[in-house]
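Descriptive structure summary
Letter by letter, the chains look like this.
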Amino acid sequence: MTDKEKNIFLTVKDYTVSHETFGLFCNEKYEMLVTFPKPNPIDLPKYYESSEYISHSDKKSGLLSTVYQLVRSRTLKNKLKIVEQFQPQKGSLLDIGAGTGHFGALAKQNSWTVSGIEPNEGARNVAAAKGILFFDQIQNVENNAFDVITMWHVLEHVPDLEEQIIELNRVLKPNGTLIIAVPNFHSYDAKYYKRFWAGYDVPRHLWHFSKKSIAKLFQERNMEVVQMLPMKWDAFYVSLLSEKYKNGYMNFLKAIYIGLKSNRKAKQNFEYSSIIYILKNIQKE
């Protein structure tokens with residue numbers, strides 16, 4: 001038995017694509033969980049090849065997809081509002097993990113110069129049709145190129161976490177703003193659903209963050225969290241999907257109850273189902 005196997009926090013199933021089982025082992029230094037075994041980068045794309053992975057599709061058929069589209073339509077404007085709150089002067093924006101380009105298109109309509117990075121070809125083609133310009137990868141972006149970088153539920157997907165953080169620091173302008181949204185495994189809904197919690201989403205989610213892990217990981221690369229904001233809708237959507245994983249069907253009433261309870265408890269400890277982190281450089285000049 002390896003050291004990682006000895007330190008397994010939870011065993012979780014991929015309910016979306018492969019139905020394989022993965023372990024989550026504890027990284028105590030950063031207070032985060034790491035998916036184990038980590039799929040080979042060459043094999044990772046196959047875990048996204050499903051019509052059920054709805055962030056790569058604009059389809060509106062099916063109950064879960066309909067709920068997702070409704071939640072997304074309500075949150076897009078709020079995301080742009082957050083960007084403009086912390087970066088009032090409109091400029092250049094890089095949306096990493098742009099998906100089908102809904103957020104980028106909205107920012108573009110509101111006078112931002114928008115670029116994107118999206119590894120999924122199908123989603124990228126949909127976004128490009130909305131006028132989003134794409135880089136193949138962040139390594140091809142010039143130094144200090146963007147006023148704002150956004151990663152809406154993307155950091156948990158990147159294969160090389162350390163390299164990604166280094167690159168984010170490199171391409172962000174000295175007075176720029178980095179906005180990252182990730183699930184929080186310390187939330188009440190995560191603790192309630194345990195191995196059925198949809199926020200784990202293995203093996204597409206390779207890293208599972210806490211408030212401490214985000215602060216420490218970025219502080220080591222000269223970036224600091226200046227504010228945290230809740231994503232309250234996530235508690236309901238994730239609970240609905242978790243109900244499906246746990247019971248085989250989506251129990252709306254139970255999901256709403258757990259979502260409300262999770263948000264209520266988070267008012268005391270800020271352990272929301274998902275958290276938005278606003279980060280700034282602390283040494284760039």
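Given the structure is predicted, the values throughout are model-derived calculations rather than measurements.

Conventions used here
- Residues numbered from 1 in each chain as written.
- Predicted model: local features only at pLDDT ≥ 70, side-chain atom pairs only at ≥ 80, totals over all residues.
- Heavy atoms only, no water.
- Pairing = 2+ DSSP bridges.
- Helix = DSSP H or I, 4+ residues; strand = E, 2+ residues; numbered from the N terminus.
- Contact = heavy atoms within 4.5 Å.
- Axes fitted to C-alpha atoms, helices over the stretch in contact; angles between N-to-C directions.
- Polar contact = N/O pair within 3.5 Å; in protein donor to acceptor, adjacent residues only side chain to side chain.
- Phe/Tyr/Trp six-rings, centres within 6.5 Å; stacked < 30°, edge-to-face > 60°.
- Buried < 20%, exposed > 50% of the residue type's maximum accessible area, 1.4 Å probe, protein only.
- Patch = residues over 30% accessible without salt bridge, like charges linked within 9 Å, V, L, I, M, F, W, Y side chains within 5 Å.
- Areas by Shrake-Rupley, 256 points an atom, 1.4 Å probe, with all protein chains shown as cover.
- Salt bridge = Lys/Arg side-chain N within 4 Å of Asp/Glu carboxyl O.
- Lys, Arg positive; Asp, Glu negative; His and termini not counted.
- Charge placed at Lys NZ, Arg CZ, Asp CG, Glu CD.
- Right-handed = clockwise from strand over helix to strand, strands pointing away.

**What to know about the sheet that holds strand 7 (residues 146-152)**
- Read from one edge to the other, the open sheet built from seven strands follows the order 6-5-4-7-8-11-10, with strand pairing classed as mixed. At either end of the open sheet lies a strand with only one pairing partner, and these are strand 6 (133-134) and strand 10 (223-230).
- Lying over the sheet, helix 7 (residues 211-219) contacts strand 8 (172-183), strand 10 and strand 11 (274-281), oriented at roughly 155 degrees with respect to strand 10.

**Regarding the side chain of Ser210**
- Relative to the elements of secondary structure, Ser210 occurs in the loop between strand 9 (207-208) and helix 7.
- At a separation of 2.6 Å, a polar atom in the side chain of Ser210 contacts the main-chain carbonyl oxygen of Glu31.
- Here Ser210 is in contact with Tyr30, Glu31, Asn184, Phe185, His186 and Tyr277, once residues within four sequence places are set aside.

**As for the sheet that holds strand 3 (residues 32-36)**
- Overall, antiparallel pairing links the four strands, which are arranged 1-2-3-9 in an open sheet. Two strands lie at the open edges of the sheet, namely strand 1 (8-13) and strand 9, each paired on one side alone.

**Points about the packing of aromatic side chains**
- Within the structure shown, the criterion is met by 12 aromatic pairs.
- Residues Phe25 and Phe36 carry aromatic rings whose centres are separated by 6.5 Å and whose planes lie at 90 degrees to one another, so their mutual orientation is edge-to-face. Residue Phe25 is found in strand 2 (residues 21-27), and its partner Phe36 is found in strand 3; the two are separated by 11 residues along the sequence.
- Using a relative accessible area of 12% as the deciding quantity, one classes Phe25 as buried.

**Here we look at a nonpolar patch on the surface**
- A grouping of Phe252, Ile256 and Leu260 is seen on the molecular surface, where their side chains present a nonpolar patch of about 250 Å² in accessible area.
- Here Leu260 shows up in helix 9 (residues 252-269).

**Here's the deal with the pattern of salt bridges**
- By the definition in use, this model includes seven salt bridges.
- One salt bridge in this structure joins Arg221 and Glu162, with 2.7 Å as the shortest N-O distance. One end of the pair, Arg221, is in the loop between helix 7 and strand 10; the other, Glu162, is in helix 5 (residues 161-171), with 59 residues separating them in the sequence.
- The residue Glu167 makes a salt bridge to Arg170 at a minimum N-O spacing of 2.7 Å. Of this pair, Glu167 and Arg170 are both found in helix 5, three residues apart, which corresponds to roughly one turn of the helix.
- For Arg170, a relative accessible area of 23% translates into the label partly exposed.
- Through salt bridges with shared partners, one network takes in Asp14, Asp201 and Arg204.

**What to know about a positive patch on the surface**
- A contiguous patch of positive charge, built from Lys232, Arg264, Lys265 and Lys267, is present on the exposed surface.
- By residue number, the principal contributor to the positive patch is helix 9, which donates three residues.
- Among the secondary structure elements, Lys267 is positioned in helix 9.

**Notes on the pairing of strand 7**
- Burial analysis of strand 7 places seven of its seven residues in the buried class, the great majority of the element.
- Where strand 4 (residues 92-96) lies against strand 7, three bridges are found, and the strand directions are parallel. Paired with Asp95 across the two strands is Thr150, which belongs to strand 7.
- Relative to strand 8, strand 7 is paired through six bridges, and the arrangement is parallel. For Trp152, the partnering residue across the bridge sits in strand 8 and is Ala181.
- A crossover links strand 7 with its parallel partner strand 8, the connecting element being helix 5, and its sense is right-handed.

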